[in-house]
Amino acid sequence: MGVDAKLLGALALVLCVGYFAGTLRSQPSHSSSAGEQTVSEAIEREVRAQVTAAVQGLQEHGNKVYPKVAHLPASKRMRILVTGGAGFVGSHLVDRLMYQGHDVIVADNLFTGARKNVQHWIGHPHFTLMVHDITEPLLLEVDRIFHLACPASPPHYQYNPIKTIKTSTVGTINMLGLAKRLRARILFTSTSEVYGDPKEHPQKETYHGNVNPIGPRACYDEGKRVAETMMYAYQAQGNVDVRVARIFNTFGPRMNPYDGRVVSNFIIQALQGKDITVYGDGKATRSFQYVDDLVNGLLALMDGDYTQPCNLGNPDEYTIKEFAELVVKHTESNSSIIFKPKTTDDPQQRKPDITVAKENIGWSPKVSVKEGLRQTVEYFAKELKEVGEIDPTGPGQFASVASRSSKATSKE
């Protein structure tokens with residue numbers, strides 16, 4: 001029963017009680033003793049008190065409390081579209097934009113995103129959630145576009161490689177067309193995967209990469225590469241105001257527990273006392289940045305004048321084995337680290353050169369890996385308490401990942 005129905009029911013009860021009590025009081029004095037009148041009045045008072053309490057409770061439950069946001073004048077408040085805004089990174093970006101006082105529209109098909117990531121904003125007058133697949137046209141009036149939509153972890157993007165390619169190509173064309181029509185600035189979140197299995201270390205934006213165009217990761221790697229090509233084609237031919245962020249490994253609260261990434265898998269396994277699974281010999285390296293730092297970088301890039309690709313990542317580099325050991329330490333787990341065969345085309349080195357970000361947008365990461373890990377462990381500990389056991393995702397578990405993440409399993 002909805003709140004309105006409950007309220008109507010409560011009011012109806014009040015009227016019935018009032019009628020009943022009034023009837024008793026209106027009876028002739030010879031048919032009603034003083035004691036009967038006292039009883040009827042007591043009944044009326046008690047029922048009225050209970051109904052009043054119920055109505056007040058409904059009102060308190062209906063008044064949702066939102067996080068505090070800034071109040072911007074209309075001349076400074078922007079309407080901002082965030083594609084993929086219900087996902088891990090997108091939802092944190094949405095939080096920051098809402099705190100700043102902007103109007104935010106999220107377009108997300110909820111394949112890897114989740115409504116709960118933005119639940120605290122639903123109903124807010126400055127927030128709109130649209131369940132929408134960006135491979136379909138979207139007609140809106142906005143001032144800026146943060147284009148994040150695309151499955152980003154191997155189990156997710158390899159589950160439906162054709163749809164992944166369409167998201168990066170058709171979806172990006174749709175967003176660029178919207179930006180061109182509206183003359184809106186658009187930021188595209190590309191990836192360090194455009195560098196493939198790099199021969200240059202650390203990776204600079206000028207490095208052209210070492211990517212297998214027909215391997216299992218190609219649907220994502222090459223999709224992002226061609227999306228970057230389209231961004232700069234629209235800039236050159238259509239005078240679209242573009243920004244491109246190349247994002248390195250990012251972690252933090254709201255990561256999808258079934259995304260099969262190193263951080264989420266290791267933490268979930270360690271918290272449950274399960275073996276921590278390393279694919280390969282553990283000597284491959286990764287650089288991990290905390291999500292708050294990434295959001296700061298995205299905002300700085302969007303607000304600045306720099307238009308060329310920009311690495312956003314933390315140069316603090318770990319071997320996979322070292323990171324597994326760090327997770328065991330921070331979770332105080334008794335888990336063992338086990339090794340399985342490496343996956344195809346898995347990059348053996350990954351570390352950003354962030355000179356461009358430092359010099360052109362004044363950005364560098366501030367949160368240490370250890371501090372970010374502490375907050376992420378707390379998040380997953382709460383998740384496990386709520387949902388019970390979580391079985392981390394490994395290579396080849398694409399269908400099971402999709403079915404747990406979303407009902408949207410279209411194979412177009």
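What you see is a predicted model; the values in this text were computed from it and never measured.

Participant: Explain the overall build of the chain here, please?
Facilitator: Helices and strands together make up the secondary structure of the chain, namely twelve helices and 13 strands. Residue burial in the chain is summarised as follows: out of 412 residues, 50% are buried. In the chain, the share of contacts with a sequence separation of at least 24, taken over all contacts with a separation of at least 6, comes to 82%. Total accessible area computed for the chain in this model is approximately 19600 Å², and 53% of it derives from carbon and sulfur atoms.

Participant: Which parts of the structure should I look at to understand the sheet that holds strand β1 (residues 79–83)?
Facilitator: Taken in spatial order, the seven strands line up as β3-β2-β1-β4-β5-β6-β11 in an open sheet, and their pairing is parallel. The sheet terminates laterally at β3 (127–131) and β11 (310–312), the two strands that pair on one side only. The mean inter-strand angle of the sheet, taken between neighbouring strand axes irrespective of direction, is 20 degrees. Sitting on the sheet, helix α5 (residues 161–182) touches β1, β4 (144–147), β5 (185–191) and β6 (242–247), and the angle it makes with β4 is about 170 degrees.

Participant: Hey, could you run me through the environment of Thr 172 in this one?
Facilitator: Examined against the element boundaries, Thr 172 turns out to sit in helix α5. Placed 23 residues apart in sequence, Thr 172 and Ala 149 show a C-alpha to C-alpha distance of 9.0 Å. Each residue touching Thr 172, except ones within four places of it in the same chain, is listed here: His 147, Thr 167, Phe 188, Ala 227, Met 230 and Met 231. In terms of polar contacts, Thr 172 uses its side chain to reach the backbone carbonyl oxygen of Ser 168, at 2.6 Å.

Participant: Can you help me understand the pairing of β1 in this one?
Facilitator: Consecutive residues of a regular strand have side chains that alternate between opposite faces of the sheet. Of all five residues in β1, four are buried, a share of seventy percent or more. The pairing of β1 with strand β2 (residues 103–108) spans five bridges and is parallel. Bridge assignment links Ile 80 to a residue of β2, and that residue is Val 104. One crossover worth recording links β1 to the parallel β2 by way of helix α3 (residues 88–99), and it is right-handed.

Participant: Which parts of the structure should I look at to understand α3?
Facilitator: An α-helix turns once every 3.6 residues. As a result, residues three or four positions apart point the same way. With twelve residues, α3 extends 17 Å from end C-alpha to end C-alpha; this agrees with the ideal 16 Å at 1.5 Å per step. Judged by how many residues are buried, α3 sits mostly within the fold: ten of twelve residues are covered. Buried-residue contacts for α3 involve β1, β2, β3, β4, β7 (250–251) and α8 (291–303). Looking one or two residues past α3, Gly 101 carries a phi angle of roughly 100 degrees, positive in sign.

Participant: Explain the side chain of Ser 287 here, please?
Facilitator: Within the secondary structure, Ser 287 sits in strand β9 (residues 285–287). Classification of Ser 287 by relative accessible area gives buried; the value is 0%. One polar contact links the side chain of Ser 287 to the main-chain carbonyl oxygen of Arg 350, over a distance of 3.0 Å. Those residues in contact with Ser 287, other than ones at most four positions away along the chain, are Asn 249, Asn 314, Pro 315, Asp 316, Glu 317, Arg 350, Lys 351 and Pro 352.

Participant: I'm lost on unusual backbone geometry in this one. Help?
Facilitator: It is generally the case that most residues other than glycine have a negative phi and that most peptide bonds are trans. For the bond from His 201 to Pro 202, the omega torsion is -5 degrees, close enough to zero to count as cis. In this fold, Pro 202 is placed in the loop between β5 and α6 (218–238).

Participant: Before we go on, may I ask you to explain the pattern of salt bridges in this structure?
Facilitator: Side chains that differ in charge, positive against negative, can pair when their charged atoms come close. Under the counting rule described, the total for this entry stands at 19 salt bridges. Lys 163 is the salt-bridge partner of Asp 133, the closest N and O atoms lying 2.7 Å from each other. Remark: Lys 163 occurs in helix α5 and Asp 133 occurs in the loop between β3 and β4; sequence separation between them is 30 residues. The partner of Arg 144 in a salt bridge is Asp 303, with the nearest N and O atoms 2.6 Å apart. Residue Arg 144 is found in strand β4, and its partner Asp 303 is found in helix α8; the two are separated by 159 residues along the sequence. Residue Arg 144 is classed as buried on the basis of its relative accessible area of 15%. The network of salt bridges with common partners includes Glu 193, Arg 217, Arg 286, Asp 346 and Arg 350.

Participant: Honestly, the pairing of β4 in this entry has me stumped. Any pointers?
Facilitator: Burial along β4 is two-sided: the residues Arg 144 and Phe 146 and Ile 145 and His 147 are all buried. The pairing of β1 with β4 spans four bridges and is classified as parallel. If you follow Val 82 over to β4, its bridge partner there is Phe 146. Where β4 and β5 come together, four bridges link them in parallel fashion. Bridging across to β5, His 147 finds its partner in Phe 188.

What counts and what doesn't
The residue numbers shown here count from 1 along each chain, following its written sequence. Where totals are concerned, whole chains, interfaces and linings use all residues; where local detail is concerned, this predicted model gives features only for residues with pLDDT of at least 70, and gives and counts side-chain atom pairs only at 80 or more. As a rule here, side-chain values cover all heavy atoms of the structure and leave hydrogens and water aside. The secondary structure listing takes helices from DSSP runs of H or I that are at least 4 residues long and strands from runs of E that are at least 2 residues long, numbered from the N terminus. Remark: exposure states derive from per-residue accessible area (1.4 Å probe, protein chains only) relative to the maximum for the residue type, with buried under 20%, exposed over 50%, and partly exposed in between. Whether two residues are in contact is decided by their heavy atoms: any pair within 4.5 Å suffices. Areas reported as accessible are Shrake-Rupley estimates using a 1.4 Å probe. Residue values count occlusion only from the protein chains shown. For two strands to pair, DSSP has to find at least two bridges joining them. As a rule, the C-alpha atoms of each element are fitted with a line to give its axis, helices using only the stretch in contact, and angles between N-to-C directions run from 0 to 180 degrees. For the purposes of these results, a polar contact is taken to be a pair of N or O atoms within 3.5 Å, where, inside protein, one atom must be able to donate a hydrogen and its partner to accept one; residues adjacent in sequence count only when each atom of the pair is a side-chain atom. Crossover handedness is defined here as right-handed if the route from the first strand over the helix to the second strand goes clockwise, with the strands pointing away from the viewer. Expected span of a helix, by definition, is 1.5 Å for each gap between consecutive residues, and there is one gap fewer than residues. Here, a salt bridge means any side-chain nitrogen of Lys or Arg that lies within 4 Å of a carboxyl oxygen of Asp or Glu.

The analysis is restricted to geometry; functional conclusions fall outside its scope.
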